[in-house]
There are 2 protein chains.
Amino acid sequence: MSLAHEGDRLETSAPGSAGDTTLEPGMVAELVSVVGAEWVRTEREAVDEFKDPYWIPGDDTFAASAVVQPGSVAQVQEVMRIANRWGVPVSPHSQGRNLGHGGASPSRRGAIQLGFQRLDRVIEINEDLAYAVVEPGVTWQDLHDAIAERGLDLMTPVPDLSWGSVIGNTMDSGHTYQRYGADYRLHAGFEVVLPDGDLLRTGQGALPDSASGHVYRRSLGPSLDELFVQSNLGIVVRMGVWLQRRPDAYAPLVLVVDDDADLEQAIDTIRELRLAGHLEGIVAMYSTLRAAHMVLDDPVPARPTPFTDEELQRIGSERGIGSWAVRAAVWGDRELVDLRLRRIQAAWDDIPSGRVHPVRVYARDEWDDFTRSAELITAGIPTMKAIESMPAHVAHLDVSPVVPLLGSAVRAVVEELRRQYAVAGLNFGAGIMVTGERSAVPIAGIRYDRTDPASVRAAVETGRRMVTALGEMGYLDARPHLALMDLAASFASFNDHAYRRFVERLKDAVDPNGVLAPGRHGIWPARDRAAEPDDR
Amino acid sequence: MSLAHEGDRLETSAPGSAGDTTLEPGMVAELVSVVGAEWVRTEREAVDEFKDPYWIPGDDTFAASAVVQPGSVAQVQEVMRIANRWGVPVSPHSQGRNLGHGGASPSRRGAIQLGFQRLDRVIEINEDLAYAVVEPGVTWQDLHDAIAERGLDLMTPVPDLSWGSVIGNTMDSGHTYQRYGADYRLHAGFEVVLPDGDLLRTGQGALPDSASGHVYRRSLGPSLDELFVQSNLGIVVRMGVWLQRRPDAYAPLVLVVDDDADLEQAIDTIRELRLAGHLEGIVAMYSTLRAAHMVLDDPVPARPTPFTDEELQRIGSERGIGSWAVRAAVWGDRELVDLRLRRIQAAWDDIPSGRVHPVRVYARDEWDDFTRSAELITAGIPTMKAIESMPAHVAHLDVSPVVPLLGSAVRAVVEELRRQYAVAGLNFGAGIMVTGERSAVPIAGIRYDRTDPASVRAAVETGRRMVTALGEMGYLDARPHLALMDLAASFASFNDHAYRRFVERLKDAVDPNGVLAPGRHGIWPARDRAAEPDDR
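Residues numbered from 1 in each chain as written. Chains lettered and ligands numbered in written order. Predicted model: local features only at pLDDT ≥ 70, side-chain atom pairs only at ≥ 80, totals over all residues. Heavy atoms only, no water.

S.K.: Looking at this structure, I do not really get the nonpolar core. What am I missing?
M.R.: Note that soluble globular proteins tend to have their nonpolar side chains buried in a common cluster. Judged by nonpolar contacts, the single largest core of 273 residues is most densely connected at Phe228(A), Met285(A), Phe228(B) and Met285(B). When residues no more than four places from it in sequence are discounted, the contact partners of Phe228(B) are Phe502(A), Met171(B), Phe190(B), Val192(B), Leu194(B), Leu200(B), Thr202(B), Leu233(B), Gly234(B) and Val236(B). (Core = buried A, V, L, I, M, F, W, Y, C linked by side-chain atoms within 4.5 Å. Buried < 20%, exposed > 50% of the residue type's maximum accessible area, 1.4 Å probe, protein only. Contact = heavy atoms within 4.5 Å.)

S.K.: Can you walk me through the sheet that holds strand S4 (residues 112–115) of chain A in this structure?
M.R.: Each strand in a sheet pairs with another by means of backbone hydrogen bonds, the pair being arranged parallel or else antiparallel. All names here are of chain A. Pairing is mixed in the open sheet, where four strands are placed in the order S1-S2-S4-S3. Lying at the two open borders of the sheet, with one neighbouring strand each, are strand S1 (40–41) and strand S3 (90–93). Sheet topology note: the strand S2 (residues 66–68)/S4 ladder contains three bridges and is parallel. Across the sheet, the residue bridging to Ala66 is Ile112, located in S4. Helix H4 (residues 73–86) rests against S2, S3 and S4 of the sheet, and its axis sits at about 170° to S4. (Pairing = 2+ DSSP bridges. Helix = DSSP H or I, 4+ residues; strand = E, 2+ residues; numbered from the N terminus. Axes fitted to C-alpha atoms, helices over the stretch in contact; angles between N-to-C directions.)

S.K.: In this structure, what is going on with the packing of helix H13 (residues 407–423) of chain A against helix H14 (residues 453–473) of chain A? I would like to understand it.
M.R.: Residue and element names in this part refer to chain A. It is the contact of H13 with H14, at a shortest axis distance of 10 Å, that shows an interaxial angle of 150°. Comparing the axis directions of H13 and H14 gives the class roughly antiparallel. The element H13 and its partner H14 pack so that their crossing is right-handed. On the side of H13, the interface is formed by Ala412, Val413, Glu416, Leu417, Gln420, Tyr421 and Val423, while H14 contributes Thr462, Arg465, Met466, Ala469, Leu470 and Met473. Looking at the contact of H13 with H14, its residues break down into nine nonpolar, two polar and two charged. (Parallel < 35°, antiparallel > 145°, perpendicular 65-115°, else oblique. Left-handed = near helix turned anticlockwise from the far one by under 90°. Nonpolar A, V, L, I, M, F, W, Y, C, P; charged D, E, K, R; others polar.)

S.K.: What exactly am I supposed to notice about the interface of chain B and chain A here?
M.R.: Taken together, the 94 residues of chain B in the interface contact 95 residues of chain A. Between chain B and chain A, a total of about 8,400 Å² is buried, with carbon and sulfur atoms accounting for 57% of that surface. Among the residues of chain B in contact with chain A, Arg218(B), Leu220(B) and Arg438(B) are the three that bury the most area, contributing 11% of the side total. At the surface where chain B touches chain A, the tally comes to 16 salt bridges. Where chain B touches chain A, the interface holds 52 residue pairs in polar contact (both at pLDDT 80 or more). Counting residues per element, the ones that place at least two in the side of chain B that touches chain A are strand S8 (187–193), strand S9 (199–201), helix H7 (263–276), helix H10 (334–349), strand S18 (403–404), strand S20 (439–449), helix H15 (485–490) and helix H16 (494–510) of chain B. The element that contributes the greatest number of residues to the side of chain B that touches chain A is H16(B), accounting for 11 residues. Looking at the side of chain B that touches chain A, its residues break down into 50 nonpolar, 20 polar and 24 charged. (Buried area = accessible area lost by both parts, 1.4 Å probe. Salt bridge = Lys/Arg side-chain N within 4 Å of Asp/Glu carboxyl O. Polar contact = N/O pair within 3.5 Å; in protein donor to acceptor, adjacent residues only side chain to side chain.)

S.K.: For this particular structure, what's the right way to read the packing of aromatic side chains?
M.R.: We describe a pair of aromatic rings using the distance from one ring centre to the other and the angle between the two ring planes. A complete count under the given rule lists 18 aromatic pairs over all chains for this structure. Residues Tyr362(B) and Phe370(B) carry aromatic rings whose centres are separated by 4.7 Å and whose planes lie at 90° to one another, so their mutual orientation is edge-to-face. Where Tyr421(B) meets Phe428(B), the ring centres are 5.7 Å apart and the plane angle is 85°; that geometry is what we call edge-to-face. An identical accessibility class is assigned to Tyr421(B) and Phe428(B); each is buried. Seen from the ring of Trp163(A), Arg97(A) lies directly overhead, with NZ or CZ sitting 3.9 Å from the centre. Over the face of the ring belonging to Trp367(B) we find Arg246(B), whose NZ or CZ atom lies 4.5 Å from the ring centre. (Phe/Tyr/Trp six-rings, centres within 6.5 Å; stacked < 30°, edge-to-face > 60°. Lys NZ or Arg CZ within 6 Å of the ring centre and 35° of its normal.)

S.K.: Quick question: what am I supposed to make of the environment of Asp486(B) here?
M.R.: Residues and elements named next belong to chain B. Along the chain, Asp486 falls in helix H15. For Asp486, a relative accessible area of 5% puts it in the buried group. Spatially, the C-alpha atoms of Asp486 and Gly213 are 35 Å apart, while their sequence positions differ by 273 residues.

S.K.: Can you walk me through the relation of the copies chain B and chain A in this structure?
M.R.: Mapping one chain copy onto the other needs a rotation about an axis and a shift along that axis. Overlaying chain B with chain A gives an RMSD of 0.0 Å, the required rotation being 180° about an axis along which the chain moves by 0.0 Å. As the rotation angle and translation indicate, the two copies are arranged about a two-fold axis. Both copies present the same face, since 100% of the interface residues in chain B are matched by interface residues at the equivalent positions in chain A. (Least-squares fit on C-alpha atoms with pLDDT ≥ 70 in both.)

S.K.: How should the packing of H7(B) against H10(B) be read in this particular structure?
M.R.: Residue and element names in this part refer to chain B. Contact geometry of H7 with H10 gives a least axis separation of 10 Å together with a crossing angle of 155°. Comparing their axes, H10 and H7 come out roughly antiparallel. Helix-helix and strand crossings are classified by hand; for H7 and H10 the assignment is right-handed. Between H7 and H10, the contacting residues are Ala266, Thr269, Ile270 and Leu273 on the first element and Arg343, Ile344, Ala347 and Trp348 on the second. For the contact of H7 with H10, the class distribution of residues is six nonpolar, one polar and one charged.

S.K.: What should I look at first to understand the confidence of the model for chain A in this one?
M.R.: The predicted coordinates ought not to be read in detail in places where the model reports low pLDDT. Residue and element names in this part refer to chain A. Of all residues in chain A, 96% attain a pLDDT of 70 or more, and the chain-wide mean is 94. When the criterion is pLDDT under 50, residues 1–17 qualifies, and its contacts beyond four places in sequence or with other chains add up to 42 contacts. ipTM for the predicted complex: 0.95, alongside a pTM of 0.96. (pLDDT = per-residue confidence, 0-100.)

S.K.: Explanation requested: unusual backbone geometry in the structure shown.
M.R.: Residues and elements named next belong to chain A. Non-glycine residue Ser173 carries a positive phi angle of around 60°. Within the secondary structure, Ser173 is located in the loop between helix H6 (166–171) and strand S8 (187–193). A positive phi angle, close to 60°, is found at His497, a residue other than glycine. If you trace the backbone, His497 turns up in helix H16 (residues 494–510). Among the residues examined, His497 registers a relative accessible area of 16% and is labelled buried.

Encoded structure:
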């Protein structure tokens, strides 16, 4: 079995060559008997409503055979048992908002899409210990609303968009921007439906009715939480989410470097501020065009040809976002916030073209009037601005290499991305997520017109070239698009792909029939590995 | 297969009933051909030098068959291949300092002890990104020395004793007291020898020569690091360790509550200080007798009968350590340290019997004169004080329930431990490790005379009763003693022991011959599960 770099799904999966997209009537009847007819869809049109809206119009490479929406964990278990009996793969999604990465579409054509929109309970919010417990249908907005309704003094962690699922985002290694976004410390304690329908609780939750199930990140014995993230070894149907206390003071920050030549120093400065604790959470650094969109909520209108360097510089200068603009925030009591602001200001002033946007510190009773996404997001208030401010036909495909938080390393990746964008005839654009004290994930969001099949194909091709070039430079993608998962995973080749060979052994042990999300993040079950790659 | 609560190893493993402690000469010859005769010991006396010095004198329940000390990772791989061919279990240890939990002894009698004392390279120290990469033979002292020799501006994380292995401590879920001790964020990126001798790198290290292997905690696909902690699924032979920058200012702290009635408020106060970020790292709260030892380096001499409450109160009062004394520290720039000290002082002053020992803030050039372990440890300077200050015959067996960081929950556990100590005729003693922002692990260190078999047996019996009582209260042990692993794990019984059943499936998949550390933390391979529990 070989998954060579050219194993790109776009080229190898001609329609009709992969899994059947029609279920046996007997299997449909069993599914209906478990979840009810209302929640089993098999008509093509109804099923396609759940497919990735960013994929090639009319292309059924990732077409599902059905959409099933269970109403309880017991129903999820029963669906998995049915899938095993019939040998039909199942691909779970929570809200299906994994846009830029393949949406809710299954990695294997013909799989049943298992949607968790109905499992939408906020099971617990523990104010003393500052955590919540949610089901996969709970969105960031739902969690925020639940905290607000109960009048709790807690801050909701949020990503860029409010409509996604808390669990779904976590399972796909998405980001949130508050304290627990960095180093992925948001989750603690899962309930998991295993591929065979069995039910597992991780960590301290393995003790029945444990009071420590969501406060401590370890098991007695091997810890399993992260084995179920970006994984096809189980389905997380319940998760603990760590929350911050709502601080007395909050200051949203925009830090700018006007001159691209200062990128290295800016990155190294952010690292030192992170290590010193003055910056917390995920700090996001955007190139000019991305900053117009993500920091100002005012995207620069598209045009047929890319902007020249001079034009980009003028845009950055006119809008005050420079070559790079950093979205960050400081939380704490007023004195602590002031101290941190002074440290950040001083460090940023050492950068030749560094500028800090005017800072306002908000007190507790001044949080309700934010309107800009850069203020809302770091305040933990979910928003849809990032999608509302873009024209509806604009889609994106994201490439996300994992890079050490060193100016020189980030520079090398940025320059490679710049070359790749130029080859594709696209504007350069990147959002560098500072994912901890030592790492950054520069996200190259390749923009395209989702209504134009040629534009989508070109974007996938550009993504393929970027993942390849970055892989050859030594950087693995953090969250590859469905169409590029095998390609991205192929670079994790240490010792004849020891990582993949090991995870495949786990996969075969816990999912011998290979029914749970085959191919997700490059892990295929035995029955698919036996087939020629082209037949997948 | 059933591992009932009574499956306590002390009672079920009569000498001779478990694994053979003599290896076949052919196997010994193969081991010698790989690692050299000098590094293979099979004579009983030489082997017993590596057994747990705290176990019952003369009892061979956990006796090993040999001690093998490989000199390279390739030799470790080859030893595992030999073990598979001969079907003989192998139990790895790093420095063998897991005292209070079974030392270096194997969980299965007759196993080969694989010692990593010779794998002692500090492979890398990256000052820019503040991490080190170590082999399992590297002790805390070694790491500290390597940083000092290179003149780097980094602080070493340390546990209570300097002689332990960095990797060994991590693998047994030990604690360190600096920023990355809490929530176990110390490690990132492993190299692992699998039970069959294969070699795996986790996280970004799966990409050959990745520069991101120790800066980011995730894989593309399921993350595996924590699957190899407290585990018998692989042997970690290389690990990334996150370090802090050495701060400009440092203040060791001792916070006291004189009245035991204030325990709840003290715990809740620590939680809020942790959530606010004013306290970082693992804060350790000691009862009177433990504080005399761990905070003052001046243990109270033992006597045949336990101290009365009045006597304990007088000791606490005379020595200034009250009913509970907290060892903590603040690191940062001078202004930040001062701010945090004011916040901590104010919060502690709200506790009726709360007192803060006089505080001194140390500047960068004042770190070299510390002599007390409470100052050394939080400054990141390894020490042997905790063992040097105790008489050589005093041993301990540790019980460590995982409890939410709530005053009421910690109180309930403390009272249960108090009852258990009283039943055993022992002094009450606990060190409550604040393992994060939401959890505490109160460690009941049961003290005994290791030269007296009856005293050891009584301690194991007391441990058995504590683990049972705490398990019935809903608290799982974090790090059970070798003799109590099956008992402790038996409480993780959600859904007919779904956790154990799942990990057993992984075990059988990656170690089909069951040769790597069978029984470790309650996970037995298929061939041992098939036998009667009594035969293990």
